Amino acid sequence: MKTINSASASYEGMGKDGKGHVSTKSGALDNPYGFKTRFEDAAGTNPEEMIAAAHAACFTMATSFQLAEAGHENGTLHTTCDVTLEGDGEGGFDVTKSALKLTGKLPGVTKEEFEELAAKAKEGCPISKLFNCEITLETEFEG
């Protein structure tokens, strides 16, 4: 199985005064972006927010598949993801961390099994494999 998904971005003006627009082929994303949306909380999105959404979605789906493969059919999962962007000391920036926080309400699953399957999902998630930064996982569990 193979999929190809696409997005596009444009930018008018340069640097801090520039204004960008990013969209996806599906139409799920169609937002402005730029310096102010990235560093000053202006309305719109930014690359790190989109990365956080992608990581949260991919990891949550991967965890659901791990649970299904282990024979579990019911429950809910919720993940938040915080992506950290830091100056690299040389005038540029690096994504240094993606922090996942997973909450699960899963009848018939032990806390230990939940944590083990979530850790496997974190390692196997295609977006996790894409990153070159620290990835942390915190879990909250209700059996």
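Fair warning: this is a prediction, and the values are worked out from it, not measured in the lab.

Cut-offs applied
- Residues numbered from 1 in each chain as written.
- Predicted model: local features only at pLDDT ≥ 70, side-chain atom pairs only at ≥ 80, totals over all residues.
- Heavy atoms only, no water.
- Pairing = 2+ DSSP bridges.
- Helix = DSSP H or I, 4+ residues; strand = E, 2+ residues; numbered from the N terminus.
- Axes fitted to C-alpha atoms, helices over the stretch in contact; angles between N-to-C directions.
- Contact = heavy atoms within 4.5 Å.
- Phe/Tyr/Trp six-rings, centres within 6.5 Å; stacked < 30°, edge-to-face > 60°.
- Buried < 20%, exposed > 50% of the residue type's maximum accessible area, 1.4 Å probe, protein only.
- Core = buried A, V, L, I, M, F, W, Y, C linked by side-chain atoms within 4.5 Å.

Chemist: Any details on the sheet that holds strand β5 (residues 93-105)? Residues and values, ideally.
Modeler: Taken in spatial order, the three strands line up as β4-β5-β6 in an open sheet, and their pairing is mixed. The two strands at the open ends of the sheet, each matched to only one other strand, are β4 (76-87) and β6 (134-142). Here the strands of the sheet are splayed against their neighbours by 15° on average, with no regard to which way each runs. Here β4 runs beside β5; their pairing, made up of 12 bridges, is antiparallel. By the bridge assignment for β5, E86 is matched with D94. Those strands touched by helix α2 (residues 47-69) are β4, β5 and β6, and its axis lies near 145° from that of β4. In this fold helix α3 (residues 111-124) packs onto β4, β5 and β6, with an angle of close to 150° to the strand it touches most, β6.

Chemist: Help me get a handle on the packing of aromatic side chains, residues and values and all.
Modeler: Any aromatic ring pair is given by two values, namely how distant the centres are and how the planes are angled relative to each other. This structure, assessed with the given rule, holds four aromatic pairs. Aromatic pair F39 and F93: ring centres 5.5 Å apart, planes at 40°, arrangement tilted. Of this pair, F39 sits in helix α1 (residues 35-39) while F93 sits in strand β5, and the two are 54 residues apart along the sequence. Residue classification places F93 among the partly exposed positions, given a relative accessible area of 48%. For the pair F114 and F141, a centre-to-centre distance of 5.1 Å together with 35° between the ring planes defines the contact as tilted. A residue pair is termed long-range when its members are at least 10 positions apart, and F114 in helix α3 and F141 in strand β6 qualify at 27 residues.

Chemist: Would you mind going over the nonpolar core in detail, with residue names and values included?
Modeler: In this structure, F59 and C81 are the most contacted members of the largest nonpolar core, which totals 19 residues. Among the secondary structure elements, those contributing two or more residues to this core are α2, β4, β5 and α3. Looking at which element gives the most residues to this core, the answer is α2, with six residues. The residues touching C81, leaving out its near neighbours within four places in the chain, are A52, H55, A56, S98, A99 and L100.

Chemist: Lay out the side chain of H72 with the relevant residues and their values.
Modeler: Relative to the helices and strands, H72 is located in the loop between α2 and β4. Judged by its relative accessible area of 18%, H72 is buried. Leave out the neighbours within four places in its chain, and H72 touches L67, G108, V109 and E113.

Chemist: I'd like a rundown of the environment of A70, residues and numbers included.
Modeler: Along the chain, the position of A70 falls in the loop between α2 and β4. On the basis of relative accessibility, which here comes to 38%, the residue A70 falls in the partly exposed class. Each C-alpha atom of the pair A70 and V109 lies 9.8 Å from the other, and the pair is 39 residues apart in sequence. Contact partners of A70, with chain neighbours within four places excluded, come to E113 and L117.

Chemist: Describe in detail unusual backbone geometry, supporting the description with residues and values.
Modeler: Generally, phi is negative for residues other than glycine and the peptide bonds are trans, each holding for most cases. Of note in this structure, D41 is not a glycine but carries a positive phi near 60°. Mapped onto the elements, D41 comes out in the loop between α1 and α2.

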